[in-house]
Amino acid sequence: QVQLVESGGGLVQAGGSLALSCAASGRTFSNDAMGWFRQAPGKEREFVASIGAVGGVSYYSDSAKDRFTISRDKAKNMVYLQMNSLKADDTAAYYCAASGSGRGRYGYDYWGQGTQVTVSP
């Protein structure tokens, strides 16, 4: 079974840092773009960051670009999101995704179950 499992979420004070991990199994994702999305209650799923399959070029939302860093370890089939200078507005469930065919929701075929990040003011 193809699975993406996020970990590392939790409660942190504003201004603090948190590191998320995404472990992939059932398939090698070396040739896939990987992404992070988030969704807060009452809001639509929102793009946070992505990293390409070739060259590792990364992209960020305006909110994340100066504070978050996406990285990957192809040998371990893992993806990471380092989040610094966290704000209360960053509170959301964070989801890891893999592109696959690129025809899935928001251009990603595979999705994890999410990990909750809560930032206290």
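Right, let's walk through the structure included here. As the structure is a computational prediction, the values presented were derived from the model and not from experiment.

## What about unusual backbone geometry?
And then number 1: The phi dihedral of Ser-85 falls on the positive side, at around 50°, and the residue is not glycine.
And then number 2: With a relative accessible area of 41%, Ser-85 lands in the partly exposed category.
And then number 3: Look at Tyr-106: it is not a glycine, yet its phi comes out positive at around 60°.
And then number 4: As for its position among the elements, Tyr-106 is in the loop between strand 9 (92–98) and strand 10 (110–111).
And then number 5: You can call Tyr-106 partly exposed: its relative accessible area is 41%.

## Quick notes on the nonpolar core
And then number 1: Ranked by internal contacts, the top residues of the largest apolar core, which has 26 residues, are Trp-36, Leu-81, Met-83 and Tyr-94.
And then number 2: Those residues within four positions of Met-83 in sequence are excluded, and the remaining contacts are Gly-16, Ser-17, Leu-18, Leu-20, Arg-67, Phe-68, Tyr-94 and Val-117.
And then number 3: Counting 6 residues, the second largest nonpolar core, distinct from the first, contains Phe-37, Ala-97, Tyr-108 and Trp-111.

## Here's the deal with the side chain of Arg-45
And then number 1: Along the chain, Arg-45 falls in the loop between strand 4 (34–39) and strand 5 (46–51).
And then number 2: Look at Arg-45: it is buried, it has no salt bridge, and the nearest opposite charge is Glu-44 at 6.9 Å.
And then number 3: Once you skip the residues sitting within four places of it in the chain, Arg-45 turns out to touch Phe-37, Arg-38, Gln-39, Arg-105, Tyr-106 and Trp-111.

## A few points about the environment of Lys-74
And then number 1: Tracing the backbone through its elements, the reader meets Lys-74 in the loop between strand 7 (68–73) and strand 8 (78–83).
And then number 2: The spatial distance from the C-alpha of Lys-74 to the C-alpha of Phe-29 is 7.4 Å, given a sequence separation of 45 residues.
And then number 3: Filtering out sequence-adjacent residues up to four positions away, Lys-74 remains in contact with Ser-30 and Ala-53.
And then number 4: Only 3.1 Å separates the side chain of Lys-74 from the backbone oxygen of Ser-30, close enough to count as a polar contact.

## So, the pairing of strand 9
And then number 1: With 7 of its 7 residues buried, strand 9 lies for the most part within the structure.
And then number 2: In the sheet, strand 9 pairs with strand 11 (residues 115–120) via 3 bridges, with the strands oriented antiparallel. For Ala-93, the partnering residue across the bridge sits in strand 11 and is Gln-116.

## Thoughts on the environment of Gln-39
And then number 1: With respect to the element layout, Gln-39 can be found in strand 4.
And then number 2: For the pair Gln-39 and Ala-92, spaced 53 residues apart in sequence, the C-alpha separation works out to 5.2 Å.
And then number 3: Non-local contacts of Gln-39, meaning those with residues more than four positions away in its chain, are made with Glu-44, Arg-45, Ala-92, Ala-93 and Tyr-95.
And then number 4: Of the polar contacts made by the side chain of Gln-39, one reaches the backbone oxygen of Lys-43; its length is 3.0 Å.

## A look at the sheet that holds strand 3 (residues 18–25)
And then number 1: Taken in spatial order, the 4 strands of this open sheet run 1-3-8-7, and their pairing is antiparallel. Strands at the two margins of the open sheet, each flanked by one partner only, are strand 1 (3–7) and strand 7. Strand after strand, the sheet turns through a mean of 15° between neighbouring axes, direction not considered.
And then number 2: The pairing of strand 7 with strand 8 spans 6 bridges and is classified as antiparallel. The partner of Asp-73 across the bridge, within strand 8, is Met-78.

Each value, and the rule that gives it
Residues numbered from 1 in each chain as written. Predicted model: local features only at pLDDT ≥ 70, side-chain atom pairs only at ≥ 80, totals over all residues. Heavy atoms only, no water. Buried < 20%, exposed > 50% of the residue type's maximum accessible area, 1.4 Å probe, protein only. Helix = DSSP H or I, 4+ residues; strand = E, 2+ residues; numbered from the N terminus. Core = buried A, V, L, I, M, F, W, Y, C linked by side-chain atoms within 4.5 Å. Contact = heavy atoms within 4.5 Å. Lys, Arg positive; Asp, Glu negative; His and termini not counted. Salt bridge = Lys/Arg side-chain N within 4 Å of Asp/Glu carboxyl O. Polar contact = N/O pair within 3.5 Å; in protein donor to acceptor, adjacent residues only side chain to side chain. Pairing = 2+ DSSP bridges. Axes fitted to C-alpha atoms, helices over the stretch in contact; angles between N-to-C directions.

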